[in-house]
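Overview (structure and organization)
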Amino acid sequence: MRMYDIIRKKRDGDALSAEEIRFFTEGIVDGSIPDYQAAALCMAIYLNGMNREEIAQLTFAIRDSGERLDLSAISGIRADKHSTGGVGDKTSLVVAPAVASFGIKVAKVSGRGLAHTGGTVDKLESIPGFRTNLSDSEFIDCVNNVGAAIIGQTRDVAPADKKLYALRDVTATVDTLPLIVSSIMGKKLAADDDIIILDVKCGSGSFNKTPQISRELAQCMVDIGKKAGKKMLALITDMDRPLGCAIGNALEVIEAIETMKGRGPEDFTRLCEVLISNTLYLAGKGSRQDCDDMAKASLSDGSALEKFREMIIAQGGDPLVIDDYDRFGKAKYSHAVLAPKSAYISSVNAEGYGEASLILGAGRNTMEESIDPCAGIILKKNTGDFVKEGEEIAVLYSEDKEKFADSEKKLLSSTCFSSEAPKKKPLILDMVE
Ligand code: URA
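These figures come from a predicted structure and were not determined experimentally.

Focus: the overall build of the protein chain
A count of helices and strands for the protein chain gives 16 helices and 13 strands. Its C-alpha radius of gyration of 22 Å places the protein chain within 12% of the 22 Å reference for a compact globule of 433 residues. Its C-alpha atoms put the protein chain at 65 × 45 × 40 Å along the principal axes. Across the 433 residues in the protein chain, those meeting the buried criterion constitute 54%.

This is how it looks when you write it as structure tokens:
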């Protein structure tokens, strides 16, 4: 088999066989296929697409390209939730313990964030002492004893994706359905859960800008997951505004805890409930109505919070943070952003808000940069709210007050004002089963 023939075949619009796709992924991992040929194939895929069978085969080849953690020692049904990433998205911190409180196992391997705010691992590490670097046996013990554990990635999972993504990033071939689906699902299937719930974001804070693209992406991921024998469901949710009020690592953990005390922001609480409820439903815990009731109860009766406390203890963190938020530490400086006029906030660019928090130190531009766990933004107003001139829109937190001017500028330029109230958009735009 020759890479040249595979590139030519896709250039001419023909479908690749499973063998040809595996030849490609194995070749990029072992280095026998040079970057220029791999990049040429990415561009041919970008221009000519792939049919569903090719996308499935590319996903499975990416899944099989690296190491996989053996989770067979974990008893019971295993579920995971994956979000395509959004500003203020801290749902994993709530969904994992809530689902585990119903006896479903969550063995979650999460990433660190690049740009915007941190990833789930960065957020959890804002809890003093919390260890995300458990050994395999510690991880499995935590999941078996507590029901849920969240750790960082240590293995070389799906190395074909790592290589491919780096090439796509510099050859303008990231935003194409076959490569996005195989990248996300290749990594997800490597974790070998029984149930996978996808939260596909749509809007300014996401790489999917329209509901139609998000729906196609969601449907394709659900179909491939089912083909691999998984129980699948995808929500398509609005990312034209940040989720909840907190952006930034410790601030988001506090908001997650508040949500598990039944006092979370309405949009964030509802999304968590829907994610929990659908996981319970796919796990066969009852009718849709029963599962929705159970999900709501887990956030209002303290059961998710108790499970979160157990998770923190099992992973070496300070559980007293749950009742004493001062234990997270505090940013040295804060700065209020005031409304420049009296008007409705007609829309916000969620990505811009993410960038405003990155400026404050809540995210990183390169993997080597460190994150300030206490930096970030608390939103006092969001899309649809009326603000009076001089009223607080947001409060910025940072260790460095020099950063406030740029962050404020970014936040205000990402906020649109109007004399008319904007149309209310639902948070959950669609569901694909
Ligand atoms: N996230 C991924 O993991 N891969 C993509 O291609 C896009 C988003």
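Details of the site of the ligand
Around the ligand, the structure places Y165, R168, I180, S183, I184, K187 and F207. At 2.6 Å from a nitrogen atom of the ligand is found a side-chain nitrogen or oxygen belonging to S183. Computed on the free molecule, the ligand has an accessible area of 240 Å², of which 82% lies beneath the protein chains in the complex. Taken together, the elements giving at least two residues each to the shell around the ligand come down to α8 (159-170) and α9 (177-190). Ranked by the residues each element gives to the shell around the ligand, the list is headed by α9, at four residues. In terms of residue class, the shell around the ligand is built from four nonpolar, one polar and two charged.

With respect to unusual backbone geometry
Its identity is not glycine, yet A158 carries a phi of approximately 45 degrees, on the positive side. Residue position: A158 is located in the loop between β3 (148-152) and α8. What makes A158 buried here is its relative accessible area of 2%. In this model, A172 sits at a positive phi of 55 degrees, which is unusual for a non-glycine residue.

Looking at the nonpolar core
In this structure, I127, I276, F308, F328, I377 and L411 are the most contacted members of the largest nonpolar core, which totals 71 residues. Counting residues per element, this core draws most heavily on helix α12 (residues 266-282), at eight residues. Of the residues that make up this core, three or more belong to each of domain 2 (79-322) and domain 3 (330-418). Sequence-distant contacts of I377, defined by excluding residues within four places in its chain, comprise C245, A246, I247, L251, Y353, A356, S357, L360, A394, V395, L396 and L411. Counting residues in hydrophobic clusters, the runner-up holds 45 residues, among them M3, C42, M50 and A158.

Topic: the side chain of T84
Along the chain, T84 turns up in the loop between β1 (79-83) and α5 (91-100). Given a relative accessible area of 12%, T84 falls into the buried group. In this structure the side chain of T84 is engaged in a polar contact, spanning 2.9 Å, whose partner is the backbone nitrogen of K201. Leave out the neighbours within four places in its chain, and T84 touches I184, D199, V200, K201, F207 and N208.

Considering the sheet that holds strand β5 (residues 231-238)
The mixed open sheet is built from four strands, whose spatial order is β1-β4-β5-β13. Two strands close off the open sheet at either side, each with one partner strand: β1 and β13 (428-432). The average undirected angle you get between the axes of adjacent strands in this sheet is 15 degrees. When strand β4 (residues 195-202) meets β5, the two strands line up parallel, connected through eight bridges. Opposite I196, over in β5, you have M232 as the bridge partner. Along the sheet, helix α10 (residues 211-227) contacts β4, β5 and β13; its crossing angle with β5, the most-contacted strand, is approximately 165 degrees.

Brief notes about the sheet that holds strand β6 (residues 246-247)
The strand order β6-β9-β11-β7 describes an open sheet built from four strands, whose pairing is antiparallel. Looking at which strands have only one partner, the edges of the open sheet turn out to be β6 and β7 (333-338). Across the sheet, helix α15 (residues 350-360) touches β6, β9 (376-379) and β11 (392-398), and the angle it forms with β9 is around 135 degrees. Helix α16 (residues 404-413) contacts β7, β9 and β11 of the sheet and is inclined by roughly 145 degrees relative to β11.

A word on a nonpolar patch on the surface
Nonpolar side chains collect at one region of the surface, where M43, Y46 and L47 lie side by side and expose about 270 Å² of accessible area between them. Turning to its location among the elements, L47 is positioned in helix α3 (residues 35-48). Note on L47: relative accessible area 60%, which makes it exposed.

Thoughts on the packing of aromatic side chains
How two aromatic rings sit relative to each other is given by the distance of their centres and the angle of their planes. This structure, assessed with the given rule, holds one aromatic pair. Ring centres of Y344 and F386 lie 5.1 Å apart, and the angle between their planes is 75 degrees; on these two criteria the pair is classed as edge-to-face. One end of the pair, Y344, is in strand β8 (residues 343-348); the other, F386, is in strand β10 (residues 386-387), and 42 residues separate them in sequence. Classification of Y344 as partly exposed rests on a relative accessible area of 25%. Given the relative accessible area of 42%, F386 is considered partly exposed. The ring of F268 carries the charged tip of K90 above its face, separated from the ring centre by 5.0 Å.

What counts, and where the lines are drawn
- Residues numbered from 1 in each chain as written.
- Predicted model: local features only at pLDDT ≥ 70, side-chain atom pairs only at ≥ 80, totals over all residues.
- Heavy atoms only, no water.
- Helix = DSSP H or I, 4+ residues; strand = E, 2+ residues; numbered from the N terminus.
- Rg over C-alpha atoms; globule rule 2.2 N^0.38 Å.
- Buried < 20%, exposed > 50% of the residue type's maximum accessible area, 1.4 Å probe, protein only.
- Near = heavy atom within 4 Å.
- Polar contact = N/O pair within 3.5 Å; in protein donor to acceptor, adjacent residues only side chain to side chain.
- Areas by Shrake-Rupley, 256 points an atom, 1.4 Å probe, with all protein chains shown as cover.
- Nonpolar A, V, L, I, M, F, W, Y, C, P; charged D, E, K, R; others polar.
- Core = buried A, V, L, I, M, F, W, Y, C linked by side-chain atoms within 4.5 Å.
- Domains from an automatic or database assignment.
- Contact = heavy atoms within 4.5 Å.
- Pairing = 2+ DSSP bridges.
- Axes fitted to C-alpha atoms, helices over the stretch in contact; angles between N-to-C directions.
- Patch = residues over 30% accessible without salt bridge, like charges linked within 9 Å, V, L, I, M, F, W, Y side chains within 5 Å.
- Salt bridge = Lys/Arg side-chain N within 4 Å of Asp/Glu carboxyl O.
- Phe/Tyr/Trp six-rings, centres within 6.5 Å; stacked < 30°, edge-to-face > 60°.
- Lys NZ or Arg CZ within 6 Å of the ring centre and 35° of its normal.

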